[in-house]
Amino acid sequence: MMSGSSPPPPSLPAGGGSFFRGYTKLCKGLAVILLLVHLVVQLFPSAVTYLALIPARTIPFAWNLITAGYVEQTIPGAIISIIGLLLFGKLLEPLWGSKELSKFIFIVNFSTSACVFITAIVLYYITQQEIYLYTPLSGFYGVLSGLLVGIKQLLPDQELNLFVLKFKAKWIPSLVALISIVVSFFIKDLMSYLPVLLFGIYMSWIYLRYFQKRVETGLKGDPSEEFSFSSFFPEFLRPILDPIASILHRLLCGRSERSDARGQTLDSSPLPGSDSIEANRRRERGQRALEQRLAEKLAAVRNSEGTSLDAADKV
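Residues numbered from 1 in each chain as written. Predicted model: local features only at pLDDT ≥ 70, side-chain atom pairs only at ≥ 80, totals over all residues. Heavy atoms only, no water.

## Quick word on a nonpolar patch on the surface
- Among the surface-exposed residues, Leu178, Ile181, Val182, Phe185, Phe186, Ile187, Leu190 and Leu198 lie close enough to one another that they form a single nonpolar patch of about 760 Å² accessible area.
- At five residues, helix α9 (residues 172-186) tops the list of elements feeding residues into the nonpolar patch.
- Within the fold, Ile181 resides in helix α9.
- The exposure class of Ile181 is partly exposed, given its relative accessible area of 32%. (Patch = residues over 30% accessible without salt bridge, like charges linked within 9 Å, V, L, I, M, F, W, Y side chains within 5 Å. Areas by Shrake-Rupley, 256 points an atom, 1.4 Å probe, with all protein chains shown as cover. Salt bridge = Lys/Arg side-chain N within 4 Å of Asp/Glu carboxyl O. Helix = DSSP H or I, 4+ residues; strand = E, 2+ residues; numbered from the N terminus. Buried < 20%, exposed > 50% of the residue type's maximum accessible area, 1.4 Å probe, protein only.)

## Observations regarding the side chain of Ser174
- Position of Ser174 relative to the elements: it lies in helix α9.
- Among the polar contacts listed, one links the side chain of Ser174 to the backbone oxygen of Phe232, at a separation of 2.5 Å. (Polar contact = N/O pair within 3.5 Å; in protein donor to acceptor, adjacent residues only side chain to side chain.)

## Observations concerning helix α10 (residues 194-211)
- Here α10 contains 18 residues, and its C-alpha end-to-end distance of 25 Å stays within 8% of the 26 Å for a straight helix at 1.5 Å per residue.
- In terms of residue burial, α10 counts as a mostly covered element, since 13 of its 18 residues are buried. (Expected span 1.5 Å × (residues − 1).)

## Points about the packing of aromatic side chains
- Summed over all chains, the structure comprises 14 aromatic pairs.
- Relative to Phe104, the ring of Trp96 lies with its centre 5.0 Å away and its plane at 55°, an arrangement referred to as tilted.
- An aromatic cluster is built from Tyr202, Trp205, Tyr210, Phe229 and Phe233, whose rings are joined through pairwise contacts.
- Note that Lys152 overlies the ring of Phe232, its terminal NZ or CZ placed 4.6 Å from the centroid. (Phe/Tyr/Trp six-rings, centres within 6.5 Å; stacked < 30°, edge-to-face > 60°. Lys NZ or Arg CZ within 6 Å of the ring centre and 35° of its normal.)

## Quick notes on unusual backbone geometry
- Residue Pro60 is reached from Ile59 by a cis peptide bond, and omega for that bond is 20°.
- Within the secondary structure layout, Pro60 lies in the loop between α3 (48-51) and α4 (64-67).
- Here the phi dihedral of Gln128 falls at roughly 60°; this positive angle occurs in a residue that is not glycine.
- By the secondary structure assignment, Gln128 is in the loop between α6 (98-127) and α7 (131-134).

## Overview of the nonpolar core
- With 42 residues, the main nonpolar core has Leu85, Phe104, Ile105, Phe140 and Leu147 as its most contacted residues.
- Contributions of two or more residues to this core are made by α2 (25-43), α5 (75-96), α6, α8 (141-154), α9 and α10.
- When sequence neighbours within four positions are dropped, the list of residues in contact with Leu85 reads Cys27, Leu30, Ala31, Leu34, Ile105, Phe140, Leu144 and Leu147.
- Counting residues in each nonpolar core, the second largest holds seven residues, with Leu53, Leu65, Ala68 and Phe117 among its members. (Core = buried A, V, L, I, M, F, W, Y, C linked by side-chain atoms within 4.5 Å. Contact = heavy atoms within 4.5 Å.)

## Comments concerning the packing of α2 against α5
- Look at α2 against α5: their axes get within 9 Å of each other, and the N-to-C directions meet at 170°. Taken together, the axes of α2 and α5 are roughly antiparallel relative to one another. Seen from α2, the contacting residues are Leu26, Cys27, Lys28, Leu30, Ala31, Leu34, Leu35 and His38; seen from α5, they are Ile75, Ala78, Ser81, Ile82, Leu85, Leu86, Gly89 and Glu93.
- Considered class by class, the residues forming the contact of α2 with α5 number eleven nonpolar, three polar and two charged. (Axes fitted to C-alpha atoms, helices over the stretch in contact; angles between N-to-C directions. Parallel < 35°, antiparallel > 145°, perpendicular 65-115°, else oblique. Nonpolar A, V, L, I, M, F, W, Y, C, P; charged D, E, K, R; others polar.)

## Details of α9
- Here α9 spans 22 Å end to end across 15 residues, near enough to the 21 Å set by a 1.5 Å rise per residue.
- Within α9, the full set of buried residues consists of Ile172, Pro173, Ser174, Ala177 and Ser184.

## Overview of the UniProt feature "transmembrane region" (unreviewed entry) in the protein
- Per the UniProt annotation, the sites labelled "transmembrane region" (unreviewed entry) are residues 30-54, 74-92, 104-125, 131-151, 171-187 and 193-211.
- Summarising residues 74-92: 95% helix, 0% strand, and an end-to-end C-alpha distance of 27 Å.
- Structurally, residues 131-151 comprises 71% helix and 0% strand, and the distance from its first C-alpha atom to its last is 35 Å. (UniProt positions renumbered as here; feature names shortened; annotations may be inferred.)

Here's what the structure looks like:
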């Protein structure tokens, strides 16, 4: 718990000036790639055949499992992806570091494309409709939804303002998934984006939950209850979802938990609630890092203003 005299938790950029500052080199570089690939697709439409995910052509064009995530076929899609990447990256990269963020983007992008490919093949064999094999699938939405899961993990209690609505950051992935599902029923063209977005949320959660290495502890994953699979859903659904999620948990973590248990019998038992305590410490570190970054920006702005005033006085 932070004391009453401590500064409030950092918030997403709201002012017009801060909106255009603070973007990281990695995110700016990826934004340039998204823009350039979009321009190539607009100038040479046939490039979609080689860059987008077309399940019938993924073999031998296996590279489209990677390139498809960076292909935005529409102008609104390119704008949303670039802005979302810059904003979300500005929040996460100071906490994860450039290496971990680039690793996260690669893993989520590739695993999402692989899941979409498998789903399309399965749907084709079930329905025998070739549309599932030859529809070009692409977009950065899988990575964007994955970055939202990262925000949920690190800043779950961050309050966001959207016009007259206020909600916590931990509900953003769930709201995005729900809105996308509802809208896809009315706008059929958006149906092709839905698997990318949903698999992006799920695969990013699997990576963060079970595989991301935590530098401060040397352990992998985030076992806290606040980041469980059922935490994406309302309370009344969790008794139904927890038994289902436990199957995946045993598959991914059963062996490591058994080895940990053997080690604990030789050494010492873990403190009760240690997972929750460690998760709270991680969030506090994330908030302090963002507060420090915002304070440095404010000091830089004040210094630049003071320099300009001194120059004006000398004139």
